[in-house]
Structure formats: C-alpha cells, structure tokens
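Take a look at the letters that make up each chain.
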Amino acid sequence: MNIPVVEKILSSNDTLADENRAMLDAAGVFGINMMASPGAGKTSLIEMTLQRLGGELRLGVIEGDLATSLDAERAQRAGATAIQINTGGNCHLEAYMIRDALRQLPLSELDLLIVENVGNLVCPANWKLGTHKNILVASIPEGDDKPYKYPGMYRGVEAVVINKVDLLPYVPFRMDYFKQGIEVLNPGVEIFSLSCRTGEGMEAWLTWLKGLRQ
Amino acid sequence: MHELSVTQNILSIALKHAGQAESITDIYLVIGQLSSMVDDCIQFYWDIISEGTIAQGARLHFKRLPAMMHCQHCQTEYPLHETSFVCPTCATTNVVLVSGDEFYVESIQVQGDPI
C-alpha cells in the first residue's frame, strides 16, 4: 500500500524555528542570522557593528562554532551580551541550539540579536533558526564565482554584505559578474559593499540594521 | 556531516505516516540539486538508525531533481551551469531559478493496514 506523504524533511526544525521567532517577537528582539565561509569577516563585522551601535541599541550575540569560545569573548569585549554554542563538529546551527541559547539570554534587556553561524558556505541556509533576517557575508579574496558555486546559500538570504572591498585593487574580482550571479539567484536582495578594516561603507549597513527594528 | 539528523527526520516522518502498518518497505525521497545531501551518507545512517523499527530494511529511493533555470525573455528552460547564468538561447540574464531546492518525503510503501 502506498501512502502519499509530501512532508519537508526539515519540517521539525522549521517548527522549532517558528517557536524561536515567537519568543523573539514576544520580547521585542529583532534577530539576524549571519552566515559566511570561514574568514569572510563575520566576527569582525559583528565587532564593528557592536562598536558603532552599542550606544543606541542593546545588543546580544549567539556565536556558533565547532569549538572554542574565542568569538564570544571578542563579542563580549565589544560590549555585547554573548553566548557561545559549540556544535562539536556539526557544520551548521539548528533551531534547537538557538532555543537553548535564547533561554540563557536576558531577552527583555535586548533590542537586536545577532547569531553568528558556523563558517560554511554549503548548508547553513537550509536550517531556519527563527531569526527575522538571514545575511550572507562574502569577501573579495574568496573570488567572484561564489554565487555560482554555492547557489543554495545565496538563495536563502535577505541581504549580502561584501566585505574587504579595500582589497579590490589587489585581487582579481569582477564585481559585475559577482552581483549578476546574486541578482539571478535572489532578485532584489539588499547588497552592502564595505570594509571592516577601513570602515568604508559601514554607514549604509548600520542604517539598514537600525531600520529593521521599526 | 548533517546527514545523521536529516536521516532521523526521515525516519520519524515515515513512522508517523505508517501508523499501525506492519512494516515500511520503501521510502521515496525528492532531493533537489541545491540541497546539500549525500545519498550514500543518508543510506549509511539509515541502516543504523532504522534497526529495530518497522522501517528496518526499507529501501530508500532518491529522486534527484536538477536545478533548472527559466528565461523570462525567451522562455527557454535549461540546467543551472556553474560558471554562468546567461541564457544559452538569447544571451540575456533575465532568468530565474525554478527548481532545485526540493527536499521532502514524497511517499512511503507499507505492508499491513496503517489505521
């Protein structure tokens, strides 16, 4: 006997993600999920964001990493309430990990929560966390072919940050080709070009982030 | 490295839909090209975690769907290419991705009455 099912394999994760979203909404916290390959500059972007917005918004950070609490310590030094999740080898964060972390955070004392996903361009976007926006941090030295090689990740986000634009004079990188790939996969997605090192382009990113809460 | 939790989800979905059936003999999965899943890896975990359940020994069938592009200018459909998204017919980039994200259990085959 054949039984039709048609159920998404990750539906149980999606359900937990919805519960996380409700928890954030009830506390009035806006959540973003930041994804990238290792070394793109996620932690640097979080540090810069904390330094620039720390006076206006109360910020929390959930750091996902295979091991160590180095990133959470960096976020704490930059002024955030930070929780570290060590995935113990798992290649992405899942909604149940975020649920556990949310229970440890003083949500009523936060305005914006940034989740730093595990550095990986293959699968994190498949697992919803319950955050309001997914953001991909790309960087110039990674090369301009990444949207073409990792289309799944570029599909699953609401904004792309292109970091390390100060290296454009030194690295072959066709910005038009890169942006064309993103535009095909994800029409109308927000794109921010910036450098965490020089501060160039940070203003547009920060303005967008602040606007999300309204 | 994420296939273990994925395989556990497949098992729980299959068991839920099988109800009171005696056994599950086949599970049909639909996996788009952009879902980062490895068939062999799912099969490896499946043999371990289905042991002792009514799904033990069930055959997993993987229906792989290619990632397809659709040109909104000339209506050509063509498979996603890794280095260029330009339409092979009219050379525009007025194209959208129309499939490849799929990742679901389509159906199961059981022996015995599920109710």
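See above for the structure.
All values reported here derive from a predicted model rather than from experimental measurement.

**Points about the overall build of chain B**
- A count of helices and strands for chain B gives two helices and six strands.
- Walking chain B from its N terminus toward its C terminus, one meets helices and strands in the order α-β-α-β-β-β-β-β.
- Projecting the C-alpha coordinates of chain B onto the three principal axes gives extents of approximately 55 × 30 × 15 Å.
- Across the 115 residues in chain B, those meeting the buried criterion constitute 28%.

**Here we look at the overall build of chain A**
- Along the backbone of chain A there are eight helices and eight strands.
- Its C-alpha radius of gyration of 17 Å places chain A within 12% of the 17 Å reference for a compact globule of 214 residues.
- Projecting the C-alpha coordinates of chain A onto the three principal axes gives extents of approximately 60 × 50 × 35 Å.
- Counting only contacts in chain A whose residues sit at least 6 apart along the sequence, the fraction spanning at least 24 positions is 76%.

**Some points on helix 2 (residues 42–53) of chain A**
- Compared with an ideal rise of 1.5 Å per residue, which puts 12 residues at 16 Å, helix 2 of chain A spans 16 Å between its outermost C-alpha atoms and is within 8% of the ideal.
- When we look at burial in helix 2 of chain A, the residues that qualify are Lys42, Thr43, Leu45, Ile46, Glu47, Met48, Thr49 and Leu50 of chain A.

**A closer look at the interface of chain B and chain A**
- Residue-level contacts link 28 residues of chain B with 28 residues of chain A.
- Put simply, the parts of the chain that give the side of chain B that touches chain A at least two residues each are helix 1 (3–18), strand 5 (95–99) and strand 6 (103–111) of chain B.
- At eight residues, strand 6 of chain B tops the list of elements feeding residues into the side of chain B that touches chain A.
- For the side of chain B that touches chain A, the residue count by class is 16 nonpolar, nine polar and three charged.
- With five bridges joining them, strand 1 (residues 2–8) of chain A and strand 6 of chain B adopt antiparallel strand pairing. Following the sheet pairing, Glu7 of chain A is matched in strand 6 of chain B by Val105 of chain B.

**Considerations on the sheet that holds strand 5 of chain B**
Residues and elements named next belong to chain B.
- Read from one edge of the open sheet, three strands run 4-3-5, paired in antiparallel fashion. The open sheet is flanked by strand 4 (77–79) and strand 5, the only strands paired with a single partner. Averaged over all pairs of adjacent strands, the angle between their axes in this sheet comes to 35 degrees, without regard to strand direction.
- Here three bridges tie strand 3 (residues 68–71) to strand 4, and the two strands are oriented antiparallel to one another.

**Quick notes on the environment of Gln180 of chain A**
Residues and elements named next belong to chain A.
- Inspection of the secondary structure assignment puts Gln180 in helix 7 (residues 175–185).
- Judged by C-beta crowding, with 18 C-beta atoms within 10 Å, Gln180 ranks as partly exposed.
- Distance from Gln180 to Tyr148, taken between C-alpha atoms, is 9.8 Å for residues 32 residues apart in sequence.

**So, the packing of helix 1 of chain B against helix 2 (residues 39–49) of chain B**
Residues and elements named next belong to chain B.
- The geometry of helix 1 relative to helix 2 is characterised by a closest axis approach of 9 Å and an angle of 60 degrees between their N-to-C directions. In this view, helix 1 runs oblique relative to helix 2, as classed from their interaxial angle. In terms of crossing hand, the pair formed by helix 1 and helix 2 is right-handed. Touching Glu3, Leu4, Val6, Thr7, Gln8 and Leu11 of helix 1 are Cys41, Ile42, Tyr45, Trp46 and Ile49, all from helix 2.
- Partitioning the contact of helix 1 with helix 2 into residue classes produces eight nonpolar, two polar and one charged.

**A short note on the sheet that holds strand 1 (residues 23–32) of chain B**
- The four strands are arranged 1(A)-6(B)-1(B)-2(B) in an open sheet whose pairing can be described as mixed. Looking at strand neighbours, the two that pair on one side only are strand 1 of chain A together with strand 2 (59–65) of chain B, the edges of this open sheet. Sheet twist, expressed as the mean angle between neighbouring strand axes with direction ignored, is 20 degrees.
- Note that strand 1 of chain B and strand 2 of chain B share seven bridges and pair parallel. Within strand 2 of chain B, the position partnered with Gly32 of chain B by the bridge is Leu65 of chain B.

**Looking at the nonpolar core**
- Grouped together as the largest cluster of nonpolar side chains are 89 residues, with contacts concentrated most on Leu136 and Val161 of chain A together with Ile24 of chain B.
- Apart from the residues lying within four places of it in its own chain, the contact partners of Leu136 of chain A are Met35, Ala36, Met153, Tyr154, Val157 and Val160 of chain A.

**Overview of the pairing of strand 5 (residues 112–116) of chain A**
Residue and element names in this part refer to chain A.
- Taken across its five residues, strand 5 has five buried, putting it largely inside the fold.
- Here strand 5 shows no split at all, with Leu112, Ile114 and Glu116 on one side and Leu113 and Val115 on the other all buried.
- By the bridge criterion, five bridges tie strand 2 (residues 30–36) to strand 5 in an arrangement that is parallel. If you follow Phe30 over to strand 5, its bridge partner there is Leu112.
- In terms of strand pairing, strand 3 (residues 59–65) meets strand 5 through five bridges, oriented parallel.

What counts and what doesn't
- Note on numbering: residues in each chain are counted from 1, in written sequence order.
- Here the convention is simple: chains get letters from A, ligands get numbers from 1, in the order in which they are written.
- Where local features are concerned, this predicted model is filtered to residues with pLDDT of at least 70; where side-chain atom pairs are given and counted, the filter is 80 or more; whole-chain, interface and lining totals use all residues.
- Here a strand is any run of E in DSSP of at least two residues, a helix any run of H or I of at least four, and the numbering for each starts at the N terminus.
- Three exposure classes are used, based on other C-beta atoms lying within 10 Å of a residue's own C-beta, which is placed from the backbone: buried for 20 or more, exposed for 12 or fewer, and partly exposed in between.
- The reference for a compact globule is 2.2 Å times residues^0.38; the radius of gyration itself is calculated from the C-alpha atoms.
- We call two residues in contact whenever the C-beta atoms placed from their backbones are within 7 Å.
- By this rule the span expected of a helix is its residue count minus one, scaled by 1.5 Å.
- Three categories are distinguished: nonpolar for Ala, Val, Leu, Ile, Met, Phe, Trp, Tyr, Cys and Pro, charged for Asp, Glu, Lys and Arg, and polar for the others, with Gly belonging to the last.
- Pairing between two strands requires that DSSP report at least two bridges joining them.
- Lines are fitted to the C-alpha atoms to define the axes, a helix being fitted only along its stretch in contact, and any angle between axes, read from their N-to-C directions, falls within 0 to 180 degrees.
- Any angle from 65 to 115 degrees is called roughly perpendicular, while one under 35 is roughly parallel, one over 145 is roughly antiparallel, and all others are oblique.
- Two helices that cross are described as forming a left-handed crossing if the nearer one is turned anticlockwise from the farther one by less than a right angle, and a right-handed crossing if clockwise.
- What we call a nonpolar core is a set of buried Ala, Val, Leu, Ile, Met, Phe, Trp, Tyr and Cys residues whose membership is set by joining through C-beta atoms within 7 Å.

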